[in-house]
Each structure stands twice: as structure tokens, then as C-alpha cells.
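# Notes for the structure review
Chain residues, written in single-letter form:
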Amino acid sequence: MKLKALTPLLLGAALITGFTLPAAAQNKDPLRISLISSKSGPFATMGTDVLNGVRFAVEEANAKGGVDGRQIIVAEGDDESTPDAGRRVAEKLVREGNKFIIGPITSGISLALSQNLGRWDAAFIGTISKADRLTTDACNPRFIRTNHSDAMDMAMIETWLQDIQGDNFAILAADYVWGHDSAKLFEKVVTNKGKKVSLKLFAPLGTKDYAPYIQQLRAANVDAIWFADVSGAITFVKQAADFNLIPKTPLIGHALLSNFVINATNKALEGVPGNVGFTPDIDTPQAKAFVEAFKAKHGRYPTDTEGQAYNGAMVLFQGVTKANSVEPNAVMAALRGAEVDSLYGKVTVRPEDNQLLIPNYMARVKVADGGLRPVIEKAYPASITPPPSPQCKM
């Protein structure tokens, strides 16, 4: 477990810009956030983007006087890409008074934290984790997911697959909660379409040598491969290209088209389709404002992960304003069923399971803005989101 003291850069607008909060606002309790993500371990590269997105949202808000006139204070921690370390660092930071958690990547970490929120008197805004359990049998009134769930992705994929040629697919997924969920749901969608999955493979986290998996995939002679392994994506794509598995056999990516993966694999992913959570192509006033401000500060477009992290912070800040409080239960109650501004426009937090109902997007890796990135080819409305699960009892 690795901790970082209260981040000086984020301690408040007075330290960042010389801005002084009004006297009345200075009397309000600050919003104290536990920013917990992967600074080490297999998800460290993605974790950097999560941190960047939340930090930018905090700096931006503090520069405008805070949230509901409250200064935002951030304490950072490293979950080391594991549930045990994530739970330990979260408990420490929350016990120190930073009761709003944001930033974990893997569903295993998010599930470990979510089940402790009541004991900690904390709240959690999930911005990356996709496992359905977070909003089904393991749902929690203190947890709100602001990104797409696996079920939301598969509802879109089911429609998208109607236009895809081929009847025989293989799956290579990460051997943990999210990877198994992704594989199970994709197989269900494929078989419901009268197609088949003839090979399913699961790679442990931290896999460095994908040659045994690539050999099996080549021998299977399938029409396409469903790939769902974020932490191993760079290694797999490089090795698959070296062994000429791709582009001969097309990939379909679930959470594969992240900017950090594309940037690290030369042109190996050019033309590959997959879902995306955010790109600069999203045509809403909120997204355009974010992209413009981020580019002005950093000299580049925000990544998919930075956008999703920023979006989660947006929702949290509105909950504090709506509740006029930084008490976790009050903030989450104010958000439940509420309409909020997001990078996707005005959207609703579904009251039955605290899932943010947002559009979804299929993209393809293309040259845009001077480099390769995921470019949205089709948007799907939030109305295709499956109904809430009766397993969620809140």
C-alpha cells in the first residue's frame, strides 16, 4: 500500500491561482476526496490517466471558487492494481476524513471497496470499472457508476454485430471478474445471433508471454477474436502482430481502444473496432468545453480514460451542490434519480441501481488530429440500456 500526502497542487484555488474564497464559503466544510488509482502494477499506465482526469476537474473547480463554495482537498493513494492494497489504502484515507472515493480501475478493487462503504461512512463514484455486479447483486446506495457497465456495452454490441460478417469467434479475456463477465456476455450475444464461440481463453493478470494463447487462436481459424484484457493489451497486441495473428484475424476490442494502448503498439490496432467510453468526437457542449480547456492546459486532446474520470468528478461535484452538504449519504441521496450535466449531455442517475444512463459508442482506430486514435463511427442512445436488475436491492 502506497500513500501520498494531501497533494499540494490540489489543496485549493488559493494555492493554485491566488484565488481567495469568499468569507462565507471559507466557513463551509471542504469536499475531501480520496483519489485512489493504480500508480503501480499492471494498470499503472491507465492509472496515470485516471489521476490526470480527476486532478484537472479539481483544479478547474477550485479555480472557479470550489464546489458549492467549498474548497476541494484531495488525498491520493496507490491501490497497486490489487483489491487488498486498494481496500487498505481506501480505509486509511477515508478514516482520515477523505470520505469520497474516486479512481479505482479494476472491478475487483471496486467491489472490495464498495462492500465496505457503510462501515467506513464513505461514498464512491465509479468511473472505469464495468462489472455488472457493481449495479446488480452487489449494488450499494453509496456507490454510483458514471461509466458504461458490461451490460450496457453488450446491448450495443448485440446491435452492432448484426452488420459483422463471420459466424465463428474466439475469446481471449483477462482471468478476473471483469474478463469473465465480458466473455460470458459476448458468448451469449453471439449465440443468440445463431453464431458460435469455438474457443475461450483466459490469461492471468501480469501475463508476459501470450505465445501459447496466440498459437491456439491461430489454430482455431476463427473469423474474429473478442479481446478483453486491459492490463495485457499492449503485450498481446505487439506479440499478435509479430506472430501475424493480426491483422489476418480481426480483433474486436472490449475496452481495448484506449489511447495508451494505441500509442504503445505503433499501427497494429489501425482499423480495429471496439467500444469507447469517451473521445473528443462526442458532440455536446459539455464535452467540447472540457476538450478545449484540457487542450489549452496540456497541449493535447484528453484520452478516453481522462474523459471518463473527469466525468465522474463532474457528477460528484453536482451531488455536493444539490445536497448542500459533504455528508456521504446526503450527497448520494441527492444524486439518486437526479438529472445531471455530464460530458454526454444531460443524463439521469437511475434510482433503482445508481447507474448513470449515458449514450454508448462504437469506434474504430483511425488517423485523426495528426495521429491514431479511436474515432466514433456510431453512437447508440442511452435508451438501449438494459433495465435494472431485480438483484439490486437498495
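Everything below is about the structure printed above this text.
Residues numbered from 1 in each chain as written. Predicted model: local features only at pLDDT ≥ 70, side-chain atom pairs only at ≥ 80, totals over all residues. Heavy atoms only, no water.

### Details of the pairing of strand β16 (residues 371–380)
Sheet analysis places strand β15 (residues 360–368) next to β16, joined by nine bridges and oriented antiparallel. Paired with K366 across the strands is R373, a residue of β16. Here β15 folds back onto β16 in antiparallel fashion, the turn holding two residues, of which D369 has a positive phi close to 55 degrees. (Pairing = 2+ DSSP bridges. Helix = DSSP H or I, 4+ residues; strand = E, 2+ residues; numbered from the N terminus.)

### Re the pattern of salt bridges
Here the idea is simple: oppositely charged side chains can pair when their charged atoms come close. Per the counting criterion, the structure on display carries 22 salt bridges. With a closest N to O distance of 2.7 Å, E76 and K39 form a salt bridge. A residue pair is termed long-range when its members are at least 10 positions apart, and E76 in strand β3 (residues 72–78) and K39 in the loop between β2 (31–37) and α3 (44–63) qualify at 37 residues. Salt bridges sharing partners connect three or more residues here, namely K28, D68 and R70. (Salt bridge = Lys/Arg side-chain N within 4 Å of Asp/Glu carboxyl O.)

### Focus on the layout of surface pockets
Taken as a whole, the largest pocket encloses approximately 310 Å³ of empty space. Every residue lining the largest pocket is counted, 15 residues in all, and those nearest its centre are E60, K64, Y310, M314 and F317. At the level of secondary structure, the elements contributing two or more residues to the lining of the largest pocket comprise α3, α12 (285–298) and α13 (304–323). Top element by residues in the lining of the largest pocket is α13. It accounts for five residues. Of the residues contributing to the lining of the largest pocket, the split by class is nine nonpolar, four polar and two charged. (1 Å grid on protein atoms, 1.4 Å probe; cavity = no way out; pocket = protein on both sides within 12 Å on 5 of 7 lines; lining within 4 Å. Points joined across faces, edges and corners; volume = space filled by probe spheres on them. Nonpolar A, V, L, I, M, F, W, Y, C, P; charged D, E, K, R; others polar.)

### Some words on empty space enclosed by the protein
Take a probe with the size of a water molecule and roll it over the atoms, and the empty space left behind shows itself. Per the counting criterion, the structure on display carries two cavities of 30 Å³ or more. Of the volumes computed, that of the largest cavity is approximately 230 Å³. If you trace the largest cavity, you find 19 residues lining it, with M46, I128, K130, V230 and A255 closest to the centre. The set of elements that each furnish at least two residues to the lining of the largest cavity consists of β11 (273–276) and α13. A per-class count over the lining of the largest cavity returns 10 nonpolar, seven polar and two charged. In this structure, the second largest cavity spans a volume of roughly 30 Å³.

### Points about α3
With 20 residues, α3 should reach 28 Å at 1.5 Å per residue; the first-to-last C-alpha distance of 28 Å fits that figure. Counting buried residues in α3 gives 14 out of 20 residues, a clear majority hidden from the surface. Positive phi appears at G65, one or two residues downstream of α3, with a value of about 105 degrees. (Expected span 1.5 Å × (residues − 1). Buried < 20%, exposed > 50% of the residue type's maximum accessible area, 1.4 Å probe, protein only.)

### Remarks on the sheet that holds strand β13 (residues 345–349)
With antiparallel pairing, three strands are arranged side by side in an open sheet as β12-β13-β14. With one partner strand each, in any of the chains shown, β12 (339–342) and β14 (356–357) form the two edges of the open sheet. Relative to β13, β12 runs antiparallel, the two being bridged by four bridges. Across the sheet, residue S342 finds its bridge partner in β13, namely G345. Where α13 meets the sheet, it contacts β12 and β14, and its direction lies at approximately 140 degrees from that of β12. (Contact = heavy atoms within 4.5 Å. Axes fitted to C-alpha atoms, helices over the stretch in contact; angles between N-to-C directions.)

### Some remarks on the state of the cysteines
For the structure shown, the criterion picks out one disulfide. Here C139 pairs with C392 through a disulfide, and the sulfurs are 2.2 Å apart. Between C139 and C392, the S-S torsion sits near 105 degrees, and that sign places the bridge as right-handed. Separated by 253 residues along the polypeptide, C139 in the loop between β5 (123–126) and β6 (143–145) and C392 in the segment after β16 bring together distant segments of the chain. Among the residues examined, C139 registers a relative accessible area of 12% and is labelled buried. (Disulfide = S-S within 2.5 Å.)

### Remarks on the packing of helix α4 (residues 83–95) against helix α5 (residues 107–114)
α5 packs onto α4 with a crossing angle of 40 degrees between their chain directions and a minimal axis gap of 8 Å. Taken together, the axes of α4 and α5 are oblique relative to one another. Handedness of the crossing formed by α4 with α5: right-handed. Between α4 and α5, the contacting residues are P83, G86, R87 and A90 on the first element and G108, I109, A112 and L113 on the second. Its residues assigned to classes, the contact of α4 with α5 comprises five nonpolar, two polar and one charged. (Parallel < 35°, antiparallel > 145°, perpendicular 65-115°, else oblique. Left-handed = near helix turned anticlockwise from the far one by under 90°.)

### Here we look at the nonpolar core
I33, F186, F236, L256 and F317 are the most contacted members of the largest nonpolar core, which has 105 residues in total. Discounting chain neighbours no more than four positions away, the residues touching L256 are F227, A233, V237, L251, V261, L269 and V272. (Core = buried A, V, L, I, M, F, W, Y, C linked by side-chain atoms within 4.5 Å.)

### With respect to the pairing of strand β7 (residues 168–174)
Most of β7 sits inside the fold, with seven of its seven residues counted as buried. Residue alternation in β7 divides its side chains into two sets, N168, A170, L172 and A174 and F169, I171 and A173, and both sets are buried. As paired strands, β7 and strand β8 (residues 196–203) are joined by seven bridges and run parallel to one another. Following the sheet pairing, A173 is matched in β8 by F202.

### Examining the side chain of S81
Within the secondary structure, S81 sits in the loop between β3 and α4. A polar atom in the side chain of S81 sits 3.3 Å from the side chain of S38. Of note is the side chain of S81, whose polar atom sits 2.8 Å from the backbone oxygen of S40. Not counting residues within four places of it along the chain, the set of residues in contact with S81 comprises S38, S40, G41, P42, F43, A44 and I109. (Polar contact = N/O pair within 3.5 Å; in protein donor to acceptor, adjacent residues only side chain to side chain.)

### A word on the packing of helix α7 (residues 150–160) against helix α8 (residues 177–192)
Where α7 contacts α8, the two axes come as close as 10 Å, and the packing angle between them is 30 degrees. In terms of orientation, α7 and α8 fall into the roughly parallel class. As for the relative orientation of α7 and α8, their crossing is right-handed in sense. Contact residues: D150, A151, M154, I157 and E158 in α7; W178, D181, S182, L185, F186 and V189 in α8. Taken together, the residues that form the contact of α7 with α8 break down as seven nonpolar, one polar and three charged.

Function cannot be read off these values alone, since they describe shape.
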